[in-house]
Amino acid sequence: MSSTEPPTTEADWEEQDPLDEQPPAGPAAPEKVVVPRWIQLVALPLLVIAVFFVARAAGVVLLAFTIAGIVALILNPIVSFLQARRLPRGLAILAVYVGLVLVVGGVGVLLANPVADQAQRFGDDVPRIIDDANSRLADLQAYFDRKGVNIEVKRQGETALQTLQEKVVGGTSDIVNFGTQILKSVVTTGLGLLLVIVLSVYMLIYGERIGAIVRRVMPPGDGTPADDFPTRIQRAVGGYLRGQTLFSIAMGCGAGLGMWVFGITGVFPDGGTYAFAFGAWFGFMELVPFIGPFLGALPPLVVALIQDPLTAVWLAIFFTALQQLEGHVVAPYIFGHTLRINPLLVIFALLLGGEAYGFLGALLSLPIAAMLRETVVYLRRHLVLEPWGR
């Protein structure tokens, strides 16, 4: 397709340069809205300052509404699809949430049995792993004794391994206290999740009215879905969801496959035994910004370190290579096609979100960045600033 030929399909529209997008062929493009000079000088700076102070004062409330809004944008296409099949919008929303609970529960049941079996098997294998580590420490201590090196690694290692075994198998009061803190966190998170669900339900109920209000506030489009602001925002959030899902699945499969290969080659036998659990954990941790890859690689590295430090080194090399592949190939390819955001802006959004709201801020930064990108592209197409002259 030539650079001057307008896109004729949605795929052509998506492949265009974000800064060079042109309205699709069809209805005549509406006349651009001219922004007067007094608004540029006074109103826009005041609006930016007001938004900043409101966001700072709102805090957790703004965060809850933001999460609920993103959830509503993700679920709204399904609700609209059911509504188009002559199902009342209220029943469509109820059906979507019931279906979502069933899907999440079904996936949990499918993953729970193999993960639980491998976790139970790992718990049963802890004494064997400890015995193997003790024997290796004994061999290392004998080597030092033969060489006349006065280092007691066996007694110190046995003490550390015994402490680890007691914590993993028997449990301690610290674990009980930690469990109490986790329970409190779960309760608090559950209350917050309930608030988000309620807010998202109301947003879905009034979704059509909210969309109409947004269309009245924003400059008018040409009437096509590709030039409709609420539709573009919804597609941006959907693109993020598709990209994150594909990314987590790809990295989880890569980690699980690598552990299986280490297992069948004999480098890390337990890697083949717990390949599914390690892969599922690594893929799930990819949802966590910044430290997700480290947390995902931690369980197999700990097991390998207890068995053989050299095996842990090989695993560290593997996960480092996997991280490089993730950062330079997988992530740019997937998110480049789904979000259409420059990688530098992605990094900036993650850092800014993490600094503002911690983990949740980093998690929400990419969908918010995608929505801001669509807003900027839409306004550039439909607004023109009144020239100031000399």
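If you check an unreviewed UniProt entry, the protein chain appears there as AI-2E family transporter from Baekduia soli. Looking at the protein chain in UniProt, the text filed under Subcellular location (unreviewed entry) is "Cell membrane". The record in UniProt for the protein chain states the following under Sequence similarities (unreviewed entry): "Belongs to the autoinducer-2 exporter (AI-2E) (TC 2.A.86) family."

1. Here we look at the overall build of the protein chain
Helix and strand content of the protein chain: 13 helices and 2 strands. Considering only contacts within the protein chain whose residues lie at least 6 apart along the sequence, 70% involve residues at least 24 apart.

2. Details of the UniProt feature "transmembrane region" (unreviewed entry) in the protein chain
The residues that UniProt annotates with the feature "transmembrane region" (unreviewed entry) are residues 38-55, 61-79, 91-112, 186-206, 245-268, 274-295, 302-325 and 345-372. Between the C-alpha atoms that bound residues 38-55 there is a distance of 25 Å. The span itself is 100% helix and 0% strand. For residues 245-268, the end-to-end C-alpha separation is 29 Å, with 83% helix and 0% strand making up the annotated structure.

3. Comments concerning the nonpolar core
Judged by nonpolar contacts, the single largest core of 32 residues is most densely connected at Met259, Phe268 and Phe319. Contributions of two or more residues to this core are made by α8 (229-264), α10 (275-285), α11 (292-307), α12 (309-338) and α13 (343-382). Looking at this core, the element that brings in the most residues is α12, giving 9 residues. Those residues in contact with Met259 that lie beyond four places of it in its chain are Phe268, Gly271, Gly272, Ala275, Phe278, Pro300, Leu315, Phe318 and Phe319.

4. Regarding the packing of aromatic side chains
Overall, the coordinates contain 5 aromatic pairs when judged by the stated rule. Ring centres of Phe229 and Tyr378 lie 5.3 Å apart, and the angle between their planes is 55°; this geometry places the pair in the tilted category. Of this pair, Phe229 sits in helix α8 while Tyr378 sits in helix α13; the two residues are 149 residues apart in sequence, bridging distant segments of the chain. One exposure class covers both Phe229 and Tyr378, and it is buried. Connected via pairs of aromatic rings, a cluster forms that spans Phe262, Phe282, Phe318 and Phe319.

5. Description of the pattern of salt bridges
Per the counting criterion, the structure on display carries 4 salt bridges. Across the salt bridge formed by Arg232 and Glu374, the nearest N and O atoms sit 2.9 Å from each other. Pair noted here: Arg232 is in helix α8 and Glu374 is in helix α13, with a separation of 142 residues, a long-range link. Look at Glu374 and you get buried, because its relative accessible area is 5%. With its nearest N and O atoms 2.5 Å apart, the salt bridge here joins Glu374 to Arg373. When sorted by exposure, Glu374 lands in the same class as Arg373, which is buried.

6. Some words on a nonpolar patch on the surface
A cluster of nonpolar side chains, Leu41, Val42, Leu46, Ile49, Phe52, Phe53 and Trp388, forms an exposed patch at the surface whose accessible area comes to about 750 Å². Mapped onto the fold, Val42 is located in helix α2 (residues 37-58).

7. Structural notes on the environment of Ser248
By the element assignment, Ser248 lies in helix α8. Taking the C-alpha atoms as reference, Ser248 lies 8.1 Å from Met285; in sequence the two are 37 residues apart. Excluding its chain neighbours within four sequence positions, the residues that come into contact with Ser248 are Gly283, Glu286 and Leu287.

8. Here we look at the packing of α10 against α11
Look at α10 against α11: their axes get within 7 Å of each other, and the N-to-C directions meet at 165°. Classified by the interaxial angle, the pair formed by α10 and α11 is roughly antiparallel. With respect to the hand of their crossing, α10 and α11 are arranged in right-handed fashion. Every residue of α11 that contacts α10 at Phe278, Trp281, Phe282 and Met285 is listed here: Gly292, Pro293, Leu295, Gly296, Ala297, Pro299 and Pro300. For the contact of α10 with α11, a count of residues per class yields 9 nonpolar, 2 polar and no charged.

9. Re α12
An ideal rise of 1.5 Å per residue puts 44 Å on 30 residues; α12 measures up with 40 Å between its terminal C-alpha atoms. Roughly 45° is the biggest bend found in α12, and it falls at Glu326. Within the sequence span of α12, burial applies to Thr311, Ala312, Leu315, Phe318, Phe319, Leu322, Glu326, Val330, Ala331, Ile334, Phe335 and Thr338. Packed against the buried residues of α12 are α8, α10, α11 and α13. Positive backbone phi, at 55°, marks Arg340, one or two positions downstream of α12.

10. Quick notes on unusual backbone geometry
Even without a glycine there, the phi angle at Arg86 is positive, about 65°. Tracing the sequence through the fold places Arg86 in the loop between α3 (60-84) and α4 (89-146). Exposure remark for Arg86: the relative accessible area of 81% places this residue in the exposed category.

Conventions adopted
Residues numbered from 1 in each chain as written. Predicted model: local features only at pLDDT ≥ 70, side-chain atom pairs only at ≥ 80, totals over all residues. Heavy atoms only, no water. UniProt positions renumbered as here; feature names shortened; annotations may be inferred. Helix = DSSP H or I, 4+ residues; strand = E, 2+ residues; numbered from the N terminus. Contact = heavy atoms within 4.5 Å. Core = buried A, V, L, I, M, F, W, Y, C linked by side-chain atoms within 4.5 Å. Buried < 20%, exposed > 50% of the residue type's maximum accessible area, 1.4 Å probe, protein only. Phe/Tyr/Trp six-rings, centres within 6.5 Å; stacked < 30°, edge-to-face > 60°. Salt bridge = Lys/Arg side-chain N within 4 Å of Asp/Glu carboxyl O. Patch = residues over 30% accessible without salt bridge, like charges linked within 9 Å, V, L, I, M, F, W, Y side chains within 5 Å. Areas by Shrake-Rupley, 256 points an atom, 1.4 Å probe, with all protein chains shown as cover. Axes fitted to C-alpha atoms, helices over the stretch in contact; angles between N-to-C directions. Parallel < 35°, antiparallel > 145°, perpendicular 65-115°, else oblique. Left-handed = near helix turned anticlockwise from the far one by under 90°. Nonpolar A, V, L, I, M, F, W, Y, C, P; charged D, E, K, R; others polar. Expected span 1.5 Å × (residues − 1). Bend = angle between axes of the 7 residues up to and from the residue.

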